Amino acid sequence: MASLALILRVAIALSTQGFFQPDEYFQALEPAHHYVFGYGHLTWEWVSPAPLRSIIYPALNIPPFWFVKTLGLDKKYPGLLIAGPRVVHGLLAAITDIGIREITRQVLNDAFVPTAYFVSLTSLFHSLSLSRSMSNSLETSLTTAALSYYPWDNARSMQVQSTRMRMCILFAALACAIRPTNAIIWVFMFGLLVLRLGLRPSQGSILIRDCCVIGAMTTLAIFALDSAFYGRPTLSLLNFLRVNASPVSLFYGSSSWHYYLSQALPILSSTSLPFVLHGMHLAVKNNEKNLKTMLGCIVWTLTVFSFVGHKEWRFLHPLLPMLHIFASRSLVELHHCSAKAEVEVPREKGKNAIAKPFSLPIRTRDLCLLLLAVPASIYVVFFHCVGQIKVMSYLRSLPPENLTSVGFLTPCHSTPWQAYLHRPELAAPGRMWALGCEPPLGLQHPNDYKDQTDIFFEAPLEYMRTHFPSRVNTSYPPSPFASSVPNVTFVETLQVVEQSSQSWDLGWRHEWPQYIVLFGALLREPGVLNLLCDQGYEEVWKGGFEWEGEGQRRGAVRVWKHIR
């Protein structure tokens, strides 16, 4: 059965055509591409004076990049640079599906395993996110692996389970290394375990000792890796937590306190939501200890995360396997009730029921509801926001001599970069550029700050008239100052602007590029279409659907080329 998960997740990874989150490219693939090939875009988290990002996660993409480079296949078959990391992340994604089987077996019993496995495999959010190169996806797999080793039946001797317990701590430590905020889950799970071992202080002290030793070793390993990568002593975990607890995180958006309850949970659970809620009700009603532990972990994590202003669906992804187990509890119960049979969750693993192979105890109407996620999954894999990916394929298909310079007049990080394009001739500064969105680093009043993207879209026509030459230079020289570099000088400049109450326009200067990538929404801005036509540009490519996206990302992706 594990092979099914491996095949499905790798197939989804290789088949995914659309764009979901910029972090998939700029916090995973681009740093690895930069490390192996020497070029690629590094965002402010990587180049700021106190780097926030650890190389540990992007390092997973280094072996496939290095392998393709060593064989000399990157120029002839650049698509391998896309497929290689996707296979890696597809295999890692399968850990979640495999792990949920073991957790369900321990928390409930074997009779629930096929249902939990099925709910996981057909999950809409898993199809959207789990196989992508995002840290939250690997965090989900590592959290699931750790929970599969967690001593749910802690009545048994901890000495018998000492190896399994250390495996649990190790996977939990790795999950925290990938996403430091994962520690919120383990503060609850390990804290509860210590409380339950209160009558056996020797075992509690062993648990605390193992957590400290494994945690310290993991932290030292990350410190060594990051220091070697950055060339100076760097503890990215501390920098990550410090910045994300500051107002800087709100620069990327803030949501109301109920966001995770009213939006994230329904979106993550999708068609399994009614069964998740019913399963939680059954756990409380029947006083099912293991499920109540899971429920406590979910409530604790939701509560803590809700106090943070910046919220995203994917931050709760590590909780989704637990939600699927609640759904399986409900689905099997409803199936047995409809068959006039009663299902009981045994309090001890010695009473485990054994299900028939490949049996799926789900009522037909419940199965139909769950399967509504399948067509939605097909859409998000094959059709959702495909223009933002296909535009890079179009540019990559152009001969090098016909691709001198490219400018992206889009909201920042709207497309992948060199990891999908792989054009060294465009690696020189100003040859391929995009509007920047560096955060308000070092400012006392960050809410007043406007980045380059904000300034451009406030008045696109005015920006293009004042920051571009009056006519196109047909040699297409590189732009001298297309965007800001978030280094020490950038921070000092922002502080000067704030103190003097000047404009946040830092005087960026562009040259007209040979190709311009934009969304159709920009063409609807007053005067923009006429300006491009007057400068001799014509549309040569269009991808995606005009109706999808929001704000400045509507109208499909377009490529305009300078013709005359």
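Source: prediction; values computed, not measured.

Caption draft 1: Here's a closer look at the pairing of strand 1 (residues 406-409). Alternating positions in strand 1 separate into two faces, Val406 and Phe408 on one and Gly407 and Leu409 on the other, with burial throughout. Pairing of strand 1 with strand 2 (residues 432-434) involves 3 bridges; the strand directions are parallel. Its bridge partner lying in strand 2, phenylalanine 408 is registered against alanine 434. With 4 bridges joining them, strand 1 and strand 3 (residues 515-519) adopt parallel strand pairing. Each bridged residue has a counterpart across the sheet, and for phenylalanine 408 the counterpart in strand 3 is valine 517.

Caption draft 2: Here's a closer look at the sheet that holds strand 3. Judged by pairing direction, the sheet is mixed, and its 5 strands sit side by side in the order 2-1-3-5-4 without closing on themselves. Since the sheet does not close on itself, it has two edges, and those belong to strand 2 and strand 4 (537-543), each with one partner. Across the sheet, the mean angle from the axis of one strand to that of its neighbour is 20°, orientation sign disregarded. As paired strands, strand 4 and strand 5 (residues 557-562) are joined by 6 bridges and run antiparallel to one another. Bridge assignment links tryptophan 541 to a residue of strand 5, and that residue is valine 559. The strands touched by helix 19 (residues 387-397) within the sheet are strand 1, strand 3, strand 4 and strand 5, with strand 4 carrying the most contacts at an inclination of about 120°.

Caption draft 3: Local environment of the pattern of salt bridges. Counted according to the given criterion, the structure contains 19 salt bridges. Note that glutamate 45 and arginine 53 form a salt bridge whose closest N and O atoms lie 3.8 Å from each other. Where salt bridges share partners, they join Asp23, Glu45, Arg53, Glu312 and Arg314 into one cluster.

Caption draft 4: How the structure looks around the side chain of serine 129. Within the element layout of this structure, serine 129 appears in helix 7 (residues 124-130). Given the relative accessible area of 0%, serine 129 is considered buried. Look past the residues within four positions of serine 129 in its chain and what remains in contact with it is Phe20, Met134, Ser137 and His317.

Caption draft 5: Just the nonpolar core, in detail. If you look at the biggest cluster of nonpolar residues, it comprises 65 residues, and the most contacted ones within it are Trp186, Met294 and Phe326. At 9 residues, helix 16 (residues 320-338) tops the list of elements feeding residues into this core. Beyond its immediate chain neighbours, meaning those up to four positions away, tryptophan 186 contacts Thr143, Ala146, Leu147, Tyr150, Cys168, Ala172, Cys176 and Gly191. In this structure, Phe26, Ile62, Leu398 and Val557 belong to the second largest nonpolar core, which totals 35 residues.

Caption draft 6: Spatial organisation of the packing of aromatic side chains. Scanning the entire structure with this criterion turns up 25 aromatic pairs. Here the aromatic residues Tyr35, Trp46, Phe229 and Tyr230 are joined through ring pairs into a cluster of three or more.

Caption draft 7: The state of the cysteines, seen in detail. All told, the structure shown has 1 disulfide when counted by the stated rule. Take cysteine 176: it sits in no disulfide, and the sulfur closest to it among the cysteines is that of cysteine 211, at 10 Å. Residue classification places cysteine 176 among the buried positions, given a relative accessible area of 18%.

Criteria and cut-off values
Residues numbered from 1 in each chain as written. Predicted model: local features only at pLDDT ≥ 70, side-chain atom pairs only at ≥ 80, totals over all residues. Heavy atoms only, no water. Buried < 20%, exposed > 50% of the residue type's maximum accessible area, 1.4 Å probe, protein only. Helix = DSSP H or I, 4+ residues; strand = E, 2+ residues; numbered from the N terminus. Pairing = 2+ DSSP bridges. Axes fitted to C-alpha atoms, helices over the stretch in contact; angles between N-to-C directions. Contact = heavy atoms within 4.5 Å. Salt bridge = Lys/Arg side-chain N within 4 Å of Asp/Glu carboxyl O. Core = buried A, V, L, I, M, F, W, Y, C linked by side-chain atoms within 4.5 Å. Phe/Tyr/Trp six-rings, centres within 6.5 Å; stacked < 30°, edge-to-face > 60°. Disulfide = S-S within 2.5 Å.

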